[in-house]
Amino acid sequence: MRRTIPALLLATTLALTACGGAEQASTGGLEKPVIKVGALPIPDAAALYIAQSKGYFKEEGLTVEPITIQGGAVALPQIKSGALDISHTNYVSTFLAASRGEKVKVVGDLYGAAPDTFDLMVAKDSPIQALADLKGRTILVNTLNNIGTLAVTSTLKSAGVAPGEVKFIEKPFPDMGNALAAGQADAAWLTEPFITATQVQPGLRVLADTMTGPTADLPIAAWMATDEWVAKNPRTLAAFQRAIGKAQKLAAGDRKAVEAVIPSYSKIDKTAVTKITLGSFPTDLDAAKLQRVADLMLEFGYLKQPLDVKTLLVSPTG
């Protein structure tokens, strides 16, 4: 009996080890095979939904649960708490958080500006006809101290309107059109698909393109995670980066692939999506291009001292 019990324990241990090994193999050795990823319901995040629909995450042994967010600044507490593993963000919010000591990393580029992809808009019957008319007015942005406020501030400077001469109020993109129509603000900073949608209903017009001059072709959005999450989940991160990178390349070269997924996560139908203006879908993390954002932030006082963006980037390893 004394010999039988140890033998039974050994057999049980080996069986459990084998089961654990099989489970690890089935998930590709990922530390966390199921992750929650925050995303805004705008074209920027198209690669996430392309990767879902094409099975790119599944090929990596990864299950991704998309969670709708309002903006990168709002998502930061969620990735810190673990409610999100990775999140869509904008570079301004992320660089600002890093400058304040937040331990965050950029793990993938997502979206870049193009002409008329981020516009200042007003109601069709608004008396505001020029940028200078916005002095003393209220402007809606999806979150404060983000790419929107920076782009608007830079644009208004060209018209002689100083940063402190306008008031910014937060409002989710889908609600901005109705808010303007109801007189809750004087202008709104909108991106697609809402630029196209709101020119039809409830009826807005473009006042200015905010991605010209110093902000032309500006990097806009990225994927972020905390330093701790990156350190604890290197294989999971690599799997995510491979899958999202594959989808990003498809988005960069095939507009139809982008159009096919946008109606699945945004409030725009299949007909309207063919009319929207799209920005760029970068396929690598280019530190030199991203440095432009940090330098512009320094110019307008978002940063108190220069920020070397290379320290925040975690590029795919292959």
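Every chain's residues receive numbers from 1 upward, in the order its sequence appears when written. Side-chain atom pairs in this predicted model are given and counted only at pLDDT of 80 or more, local residue features only at pLDDT of at least 70, and totals for whole chains, interfaces and linings cover all residues. Hydrogens and waters are ignored; side-chain quantities use all the structure's heavy atoms.

## Remarks on the overall build of the chain
For step 1, the next point in the chain: A tally of helices and strands in the chain yields 13 helices and 10 strands.
For step 2, the next point in the chain: Exposure classes here rest on a 1.4 Å probe applied to the protein chains alone. A residue is buried below 20% of its type maximum, exposed above 50%, and partly exposed in between. Classification of the 318 residues of the chain by burial places 52% in the buried group.
For step 3, the next point in the chain: Should any heavy atoms of two residues lie within 4.5 Å, those residues are counted as being in contact. By sequence separation, contacts in the chain at least 24 residues apart represent 79% of the contacts at least 6 residues apart.
For step 4, the next point in the chain: On the chain, roughly 14300 Å² of surface is accessible, and the fraction owed to carbon and sulfur atoms is 55%. Secondary structure elements follow DSSP: runs of H or I no shorter than four residues count as helices, runs of E no shorter than two count as strands, and numbering proceeds from the N terminus. The protein chains shown are the only cover counted for residues, whose accessible areas, like all others here, come from Shrake-Rupley with a 1.4 Å probe.

## Details of the packing of aromatic side chains
Within a pair of aromatic rings, the relevant descriptors are the distance that separates the centres and the angle that separates the planes.
For step 1, the next point in the chain: The criterion for an aromatic pair is that two Phe, Tyr or Trp rings (for Trp, the six-membered ring) have centres within 6.5 Å, with stacked assigned to planes under 30 degrees apart, edge-to-face to planes over 60 apart and tilted to the rest. Throughout the structure, instances matching the rule amount to 9 aromatic pairs.
For step 2, the next point in the chain: Considering the side-chain rings of tyrosine 91 and phenylalanine 95, the 5.5 Å spacing of their centres and the 40 degrees angle between planes classify their relative orientation as tilted. One end of the pair is tyrosine 91 and the other is phenylalanine 95, both in helix α5 (residues 91–99) and 4 residues apart, which spans about a single turn.
For step 3, the next point in the chain: Centre to centre, the rings of tyrosine 111 and phenylalanine 281 are 5.2 Å apart; their planes meet at 70 degrees, and the pair counts as edge-to-face.

## A closer look at unusual backbone geometry
For step 1, the next point in the chain: Between glutamate 192 and the following residue, proline 193, the backbone shows a cis peptide bond with an omega angle of 10 degrees.
For step 2, the next point in the chain: You can see proline 193 is positioned in the loop between β8 (187–191) and α8 (194–198).
For step 3, the next point in the chain: Of note in the backbone geometry, aspartate 116 takes a positive phi value of approximately 60 degrees without being a glycine.
For step 4, the next point in the chain: As for its placement among the helices and strands, aspartate 116 is situated in the loop between β4 (104–112) and β5 (118–123).
For step 5, the next point in the chain: The residue asparagine 145 is not glycine, and still its phi comes out positive at about 55 degrees.
For step 6, the next point in the chain: Positionally, asparagine 145 belongs in the loop between β6 (138–141) and α6 (147–157).
For step 7, the next point in the chain: With relative accessibility at 40%, the residue asparagine 145 sits in the partly exposed group.

These results come straight from atomic positions and should not be treated as a statement about function.
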